[in-house]
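Structural overview
This is what each chain is made of:
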Amino acid sequence: MSSQILVMYLLSILVVIAVPGPLSLFMVATSAEHGLLRAWPAFAGGVLASLSLLLLSALGVGALILASPGLFSVLQTLGAGYLLWLGFKTWRGAGRAAAAQGSRKAAPAQWFSHAFLLGISNPKDIAFFVALLPQFINAQAPLAPQLGWMAAGWVAIDLSCKTAYGLLAELFFQRLVVLRLVFLKVSALFFLVLGLALIWGRLAA
């Protein structure tokens, strides 16, 4: 992969990653509630999910899923259902967080699994990777080194952006109970509305 193509790829994914989505909001909410250092499992789970989808798409699994409308529809439904569950859980957790600040027990395994499932269950990311990656892959060159650079670039930018969001959340919300509660409630509503919108879209299709 030439340096010019690599730079174009990094700029392209920077624009996509910098726009907050459900996964970013979950990480920010976790940082706001527990602090950036304690919330690192959520960041690890989210980055691992994105990296897994990138590699699967590059290896052709993403194209295979897109070629099966039934399987793609199932993934969309599961992703929407998980967003609804996550929104409900975040809404309830916001109330408990405001009432019992400092008395919560960390649940790193749960944060990791929630972030991973939220990221891996988003079929739109598969479609994105299937559409994006071919634009920067040289079919005449070995595939493995190109995928290595792409994966490394994605992890670096993805982790940097989400860490920046998490740090801002901790600085602005960690010690301000009211603002933190409002942010968590808004995040929960976002998850619920997005899940309902996805289900509505599936029913209307």
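Residues numbered from 1 in each chain as written. Predicted model: local features only at pLDDT ≥ 70, side-chain atom pairs only at ≥ 80, totals over all residues. Heavy atoms only, no water.

What about the overall build of the protein?
Of the regular secondary structure elements, the protein holds 9 helices and 0 strands. The order of α-helices and β-strands along the protein, N terminus first, is α-α-α-α-α-α-α-α-α. The 205 residues of the protein split such that 40% are buried. Excluding contacts between residues fewer than 6 apart, the proportion of contacts in the protein whose partners are at least 24 apart in sequence is 87%. Carbon and sulfur atoms make up 75% of the accessible area of the protein, which totals about 10,700 Å². (Helix = DSSP H or I, 4+ residues; strand = E, 2+ residues; numbered from the N terminus. Buried < 20%, exposed > 50% of the residue type's maximum accessible area, 1.4 Å probe, protein only. Contact = heavy atoms within 4.5 Å. Areas by Shrake-Rupley, 256 points an atom, 1.4 Å probe, with all protein chains shown as cover.)

Focus: the packing of helix α3 (residues 40-58) against helix α6 (residues 108-120)
Contact geometry of α3 with α6 gives a least axis separation of 7 Å together with a crossing angle of 30°. Regarding the angle of α3 to α6, the classification is roughly parallel. With respect to the hand of their crossing, α3 and α6 are arranged in right-handed fashion. Where α3 abuts α6, its residues Pro-41, Ala-42, Ala-44, Gly-45, Gly-46, Leu-48, Ala-49, Ser-52 and Leu-53 lie against Pro-108, Trp-111, Phe-112, Ala-115, Phe-116, Gly-119 and Ile-120. (Axes fitted to C-alpha atoms, helices over the stretch in contact; angles between N-to-C directions. Parallel < 35°, antiparallel > 145°, perpendicular 65-115°, else oblique. Left-handed = near helix turned anticlockwise from the far one by under 90°.)

Brief notes about α3
Here α3 contains 19 residues, and its C-alpha end-to-end distance of 27 Å stays within 8% of the 27 Å for a straight helix at 1.5 Å per residue. Inspection of α3 places Pro-41, Ala-42, Phe-43, Gly-45, Gly-46, Val-47, Ala-49, Ser-50, Leu-53, Leu-54, Ser-57 and Ala-58 among the buried residues, and these make up the whole buried set. Positioned one or two residues after α3, Gly-60 has a phi angle of 100°, which is positive. (Expected span 1.5 Å × (residues − 1).)

As for the pattern of salt bridges
Across all of its chains, the model carries 1 salt bridge by this definition. A salt bridge links Asp-158 to Lys-162; its shortest N-O distance comes to 2.4 Å. In this pair, Asp-158 and Lys-162 are both assigned in helix α8 (residues 143-173), 4 residues apart and thus about one turn of the helix distant. Asp-158 gets classed as buried once you look at its relative accessible area, which sits at 0%. (Salt bridge = Lys/Arg side-chain N within 4 Å of Asp/Glu carboxyl O.)

Re the side chain of Gln-146
As for its position among the elements, Gln-146 is in helix α8. Within polar-contact distance, the side chain of Gln-146 engages the backbone oxygen of Pro-142 at 2.9 Å. (Polar contact = N/O pair within 3.5 Å; in protein donor to acceptor, adjacent residues only side chain to side chain.)

Focus on α6
Spanning 13 residues, α6 covers 18 Å between terminal C-alpha atoms, matching the ideal 18 Å at 1.5 Å per step. Of the positions making up α6, those classed as buried are Trp-111, His-114, Ala-115, Leu-118 and Gly-119. One face of α6 carries all of its buried residues, which in axial projection span an arc of 120°. (Arc of directions from axis to C-beta.)

Some thoughts on the side chain of Asp-158
A polar contact of 2.4 Å, which involves the side chain of Asp-158, links it to the side chain of Lys-162. Not counting residues up to four positions away in its chain, the partners in contact with Asp-158 are Ile-17, Gly-46, Val-47 and Ser-50.

A short note on the packing of helix α2 (residues 22-34) against α3
Look at α2 against α3: their axes get within 9 Å of each other, and the N-to-C directions meet at 170°. As far as their axial angle goes, α3 and α2 are roughly antiparallel. Seen from α2, the contacting residues are Leu-23, Phe-26, Met-27, Thr-30 and Ser-31; seen from α3, they are Ala-42, Phe-43, Gly-46, Val-47 and Ser-50.

Comments concerning the nonpolar core
Judged by nonpolar contacts, the single largest core of 17 residues is most densely connected at Tyr-9, Ile-13, Ile-17, Leu-54, Phe-129, Leu-133 and Trp-154. With 5 residues, α8 is the single largest residue contributor to this core. When sequence neighbours within four positions are dropped, the list of residues in contact with Tyr-9 reads Leu-54, Leu-132, Leu-133, Phe-136, Met-150 and Trp-154. (Core = buried A, V, L, I, M, F, W, Y, C linked by side-chain atoms within 4.5 Å.)

Things to note about the confidence of the model for the protein
When pLDDT is averaged along the protein, the result is 75; 77% of the residues meet or exceed 70. The secondary structure element of the protein with the lowest average pLDDT is helix α4 (residues 61-66), at 61, and the one with the highest is α3, at 85. Confidence drops under pLDDT 50 across residues 98-104; counting only partners more than four residues distant or on other chains, this segment forms 10 contacts. (pLDDT = per-residue confidence, 0-100.)

Some words on the environment of Lys-89
Structurally, Lys-89 is set in helix α5 (residues 69-99). Residues Lys-89 and Ala-188, 99 residues apart in the sequence, show an inter-C-alpha distance of 7.8 Å.

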